[in-house]
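What follows is the residue order along each chain.
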Amino acid sequence: MTFNTILFEKKDGYAKITLNRPDVLNSFNEEMHLELRDALNGCQKDDQVRAILLAASGRGFCAGQDLGDRAVQGGEGPRDLSQTIEKFYNPLVRQIQAIDKPVICAVNGVAAGAGANIALACDIVYAAKSASFIQAFCKIGLIPDSGGTWALPNLVGMARAKALAILGDKISAEQAADWGMIWKCVDDDALVTQTETLCAQLAQQATFGLGLIKRAMNAAPTNTLDQQLDLERDLQKLAGFSEDYKEGVSAFLEKRKPNFTGK
Ligand code: T3D
């Protein structure tokens, strides 16, 4: 697949998608939304892809909406932003959540506005030490979107979530990791190796089961314990029928390394 605004490569059983509009800190225009959607759809359908790495070019990760597309001209009335949210940002977050493969995010630099919340929508988030997260929305009169008002309270608690959203302060990657907003903060020069190595390892794991784990975890914040117990029962049923479970148990009993196929 070739694209104008993203880079796409497949290797070692995973796909790497790199946001590639570095001059504007990889902020989103419609083309990048559409290309990212196509790439993720392709990953979902492709059995050879068993994990997805979302990364970015240049010194930033993503600065959210390209504000160059939002310049208010003299006589023009205000734009209805719900349309872009409905058409692009919400489907992207839903797509990342629904894809039944782990999505790993490598935050190489500043992640601002929707860029921060799209990173947080991924399943495992790594950030370079020099990276940062900014809920920049309040600085231009908007509210956090792309799931930010849902993810932040779940990840860091309501007190921190409200302050992050209302103050729009820049949070360092180290702080984000300390607060449990992301999985890990790593040295800048280790980000690519660590995230690529992780994706290659995940592609060797029981990836059908990893998709089910993701489904269960994503459902947890809005489920009661009873609902979650029922969901675990139903998903474990699917896991128990998988080739990977059969292989995992056989390999354990035969004291050998499992050869998982992701089925
Ligand atoms: O609109 C809708 O459809 C609703 C959906 C909204 C979703 C959203 O994401 S709203 C929030 C939009 N994003 C922001 O408000 C962040 C704007 N950017 C910044 O505040 C700063 O750029 C950063 C804090 C992210 C980084 O600051 P810094 O000093 O490291 O870099 P910089 O110099 O500001 O930016 C570098 C270049 O990227 C610069 O271009 P230049 O001067 O070199 O030609 C800057 O204009 C450009 N850039 C950065 N962010 C954006 C951008 N260009 C367009 N859109 C951006 N969001």
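Asker: Outline the overall build of the protein, supporting the account with residue identities and numerical values.
Answerer: Regarding its fold elements, the protein presents 10 helices and 10 strands. The C-alpha radius of gyration of the protein comes to 19 Å, within 12% of the 18 Å expected for a compact globule of 263 residues. Counting all 263 residues of the protein, 45% fall into the buried class. In the form shown here, the protein has an accessible surface area of approximately 13900 Å², with 54% of it arising from carbon and sulfur atoms. Both charge centroids of the protein, one from 28 positive and one from 32 negative side chains, sit 3 Å from each other.

Asker: Could you give an account of the packing of aromatic side chains, naming the residues involved and the relevant values?
Answerer: With the rule as written, the count across this model stands at two aromatic pairs. Pairing Phe3 with Phe8 gives two aromatic rings, centres 6.3 Å apart and planes at 70°, and the pair type is edge-to-face. Taken as a pair, Phe3 and Phe8 share a single burial class, namely buried. Between the aromatic rings of Phe28 and Tyr89, the centroid separation amounts to 5.9 Å while the plane-to-plane angle is 70°, which identifies the pairing as edge-to-face. One end of the pair, Phe28, is in the loop between β2 (14–19) and α1 (30–45); the other, Tyr89, is in helix α2 (residues 82–98), and 61 residues separate them in sequence. A single burial state applies to Phe28 and to Tyr89, both of which are buried.

Asker: Provide a residue-level description of the domain arrangement of the protein, including the pertinent values.
Answerer: For the protein, the domain assignment lists domain 1 (6–202) and domain 2 (207–253). A C-alpha centroid distance of 27 Å is found between domain 1 and domain 2. Carbon and sulfur atoms make up 52% of the area that domain 1 and domain 2 hide from each other, which totals about 760 Å². For the pair domain 1 and domain 2, the interface holds one salt bridge. Measuring nitrogen to oxygen at the nearest pair gives 2.8 Å for the salt bridge that ties Asp123 to Lys214. At the boundary of domain 1 with domain 2, the tally comes to six residue pairs in polar contact (both at pLDDT 80 or more). Elements with a contribution of two residues or more to the side of domain 1 that touches domain 2: α2 and α4 (148–156). When its residues are assigned to classes, the side of domain 1 that touches domain 2 shows six nonpolar, two polar and four charged.

Asker: Explain the side chain of Thr84 residue by residue, including any values.
Answerer: Inspection of the secondary structure puts Thr84 in helix α2. Note on Thr84: relative accessible area 11%, which makes it buried. Look past the residues within four positions of Thr84 in its chain and what remains in contact with it is Gln65, Arg70 and Tyr89.

Asker: Would you mind going over helix α7 (residues 191–202) in detail, with residue names and values included?
Answerer: With 12 residues, α7 extends 16 Å from end C-alpha to end C-alpha; this agrees with the ideal 16 Å at 1.5 Å per step. Among the residues of α7, those classed as buried are Leu191, Thr195, Glu196, Leu198, Cys199, Ala200 and Leu202.

Asker: Break down the pairing of strand β1 (residues 6–11) for me, with residues and values.
Answerer: Relative to β2, β1 is paired through six bridges, and the arrangement is antiparallel. For Lys11, the partnering residue across the bridge sits in β2 and is Tyr14. If you look at the hairpin formed by β1 and β2, you'll find two residues sitting between the two strands, and Asp12 has a positive phi there, around 45°.

Each value, and the rule that gives it
- Residues numbered from 1 in each chain as written.
- Predicted model: local features only at pLDDT ≥ 70, side-chain atom pairs only at ≥ 80, totals over all residues.
- Heavy atoms only, no water.
- Helix = DSSP H or I, 4+ residues; strand = E, 2+ residues; numbered from the N terminus.
- Rg over C-alpha atoms; globule rule 2.2 N^0.38 Å.
- Buried < 20%, exposed > 50% of the residue type's maximum accessible area, 1.4 Å probe, protein only.
- Areas by Shrake-Rupley, 256 points an atom, 1.4 Å probe, with all protein chains shown as cover.
- Lys, Arg positive; Asp, Glu negative; His and termini not counted.
- Charge placed at Lys NZ, Arg CZ, Asp CG, Glu CD.
- Phe/Tyr/Trp six-rings, centres within 6.5 Å; stacked < 30°, edge-to-face > 60°.
- Domains from an automatic or database assignment.
- Buried area = accessible area lost by both parts, 1.4 Å probe.
- Salt bridge = Lys/Arg side-chain N within 4 Å of Asp/Glu carboxyl O.
- Polar contact = N/O pair within 3.5 Å; in protein donor to acceptor, adjacent residues only side chain to side chain.
- Nonpolar A, V, L, I, M, F, W, Y, C, P; charged D, E, K, R; others polar.
- Contact = heavy atoms within 4.5 Å.
- Expected span 1.5 Å × (residues − 1).
- Pairing = 2+ DSSP bridges.

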